[in-house]
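# Coordinate analysis (summary)
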Amino acid sequence: MTARKASEPRVQLFTTNYDTLFEQAAQKGGYAVIDGFSFTSPRTFSGRYFDYDIVQRERTRLKDEESFVSKVFHLYKMHGSLTWKRTEEGMIQQMDTTEIPLIVYPALDKYESSYEQPYFEMMSRFQQALRRENTLLIVLGFGFRDKHIQNVILEAVNQNPSFQLVIVNYNGGGTINREELKEYFDDDVVKRKVSIVFDTFKGFTGSLPENKTYSTNEESIQS
């Protein structure tokens, strides 16, 4: 899914998980992750790094043509990470380990905390992504209990004419939980823009077809 046309934006992965499983998987698979942190040590957070990209210039057909490297994706950890910390100077840095991680705890002020930095940057990017034309959002493992995130998704469903939503729902009971997802069942217009699939994460991702067109083209350019 990371192989794209040069004119298309990178795959954006938004997660509320604190762990580093996506980073570990990226490292194992040879993926480059743009996560909002600098490329120098100590790695320091700034939203401008999400606007950076990775290209290869020396092996392109044309002198001024940019060849976007495949296997690159954006990672937005909307509720923080076990490897983030805030320094005494107020900077946000990424560490191997930290005793006081910068995360949104499941408390009564969870909604308010999500609108502080760096979480506000993540939410802003999420909203921007869902407002783009011809956007597909695939939701896996999210229970729709975080209202601030659910509201952004519902806004896209109701306001973005070309937006499409796929919800992969698995509750262990053999059925789709209609109560949790009732907002996506009530309106005929909504139904046409929303697909709900009953499957596990492993089952759904295992059935996704692999598009080798653009990664194959890139390999031929570089060879």
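Below is a summary of the structure that appears in this document. Since the model is a prediction, treat every value here as computed from it, not as a measurement.

## As for the sheet that holds strand E12 (residues 164–169)
Here three strands make up an open sheet; going across it, the order is E11-E12-E13 and the pairing parallel. The open sheet is flanked by strand E11 (136–140) and strand E13 (194–198), the only strands paired with a single partner. Between one strand axis and the next, the sheet turns by 15° as a mean value, whatever way the strands run. Where E12 lies against E13, five bridges are found, and the strand directions are parallel. Bridged to Asn169 within E13 is Phe198.

## What about the pattern of salt bridges?
Any two side chains of opposite charge can pair, on the condition that their charged atoms come close. Evaluation of the coordinates by the stated rule reveals six salt bridges. Note that Asp53 and Arg10 form a salt bridge whose closest N and O atoms lie 2.9 Å from each other. Of this pair, Asp53 sits in the loop between strand E3 (43–44) and strand E4 (55–56) while Arg10 sits in the segment before strand E1 (11–15), and the two are 43 residues apart along the sequence. Here Asp53 falls in the partly exposed class, since its relative accessible area comes to 35%. Between Asp35 and Arg43 there is a salt bridge, and its shortest N-O distance comes to 2.9 Å. Judged by relative accessible area, Asp35 falls into the buried class, the value being 8%. Looking at Arg43, the relative accessible area reads 22%, which means it is partly exposed. Salt bridges sharing common partners tie together Asp51, Glu121 and Arg125.

## So, the nonpolar core
Judged by nonpolar contacts, the single largest core of 31 residues is most densely connected at Phe126, Leu130, Leu137, Ile153 and Leu165. Within the residue set of this core, elements represented by two or more residues are strand E6 (72–77), helix H3 (119–131), E11, helix H4 (147–159) and E12. Broken down by element, this core gets its largest block of residues, six residues, from H3. When neighbours within four sequence positions are excluded, Leu130 is seen to be in contact with Thr135, Leu137, Val152, Ile153, Ala156, Asn160 and Phe163.

## With respect to the packing of H3 against H4
In the contact formed by H3 and H4, the axes pass within 9 Å of each other and the chain directions differ by 20°. The angle between the axes of H3 and H4 places the two elements in the roughly parallel class. Where H3 crosses over H4, the two elements pack in a sense that is right-handed. The residues of H4 that touch H3, namely those facing Met123, Phe126, Gln127, Leu130 and Arg131, are His148, Ile149, Val152, Ile153, Glu155 and Ala156. Partitioning the contact of H3 with H4 into residue classes produces seven nonpolar, two polar and two charged.

## A word on the environment of Gln164
Along the chain, the position of Gln164 falls in strand E12. For Gln164, a relative accessible area of 34% translates into the label partly exposed. Each C-alpha atom, one on Gln164 and one on Thr135, is 6.3 Å from the other, the two residues being 29 residues apart in sequence.

Cut-off values and rules
Residues numbered from 1 in each chain as written. Predicted model: local features only at pLDDT ≥ 70, side-chain atom pairs only at ≥ 80, totals over all residues. Heavy atoms only, no water. Pairing = 2+ DSSP bridges. Helix = DSSP H or I, 4+ residues; strand = E, 2+ residues; numbered from the N terminus. Axes fitted to C-alpha atoms, helices over the stretch in contact; angles between N-to-C directions. Salt bridge = Lys/Arg side-chain N within 4 Å of Asp/Glu carboxyl O. Buried < 20%, exposed > 50% of the residue type's maximum accessible area, 1.4 Å probe, protein only. Core = buried A, V, L, I, M, F, W, Y, C linked by side-chain atoms within 4.5 Å. Contact = heavy atoms within 4.5 Å. Parallel < 35°, antiparallel > 145°, perpendicular 65-115°, else oblique. Left-handed = near helix turned anticlockwise from the far one by under 90°. Nonpolar A, V, L, I, M, F, W, Y, C, P; charged D, E, K, R; others polar.

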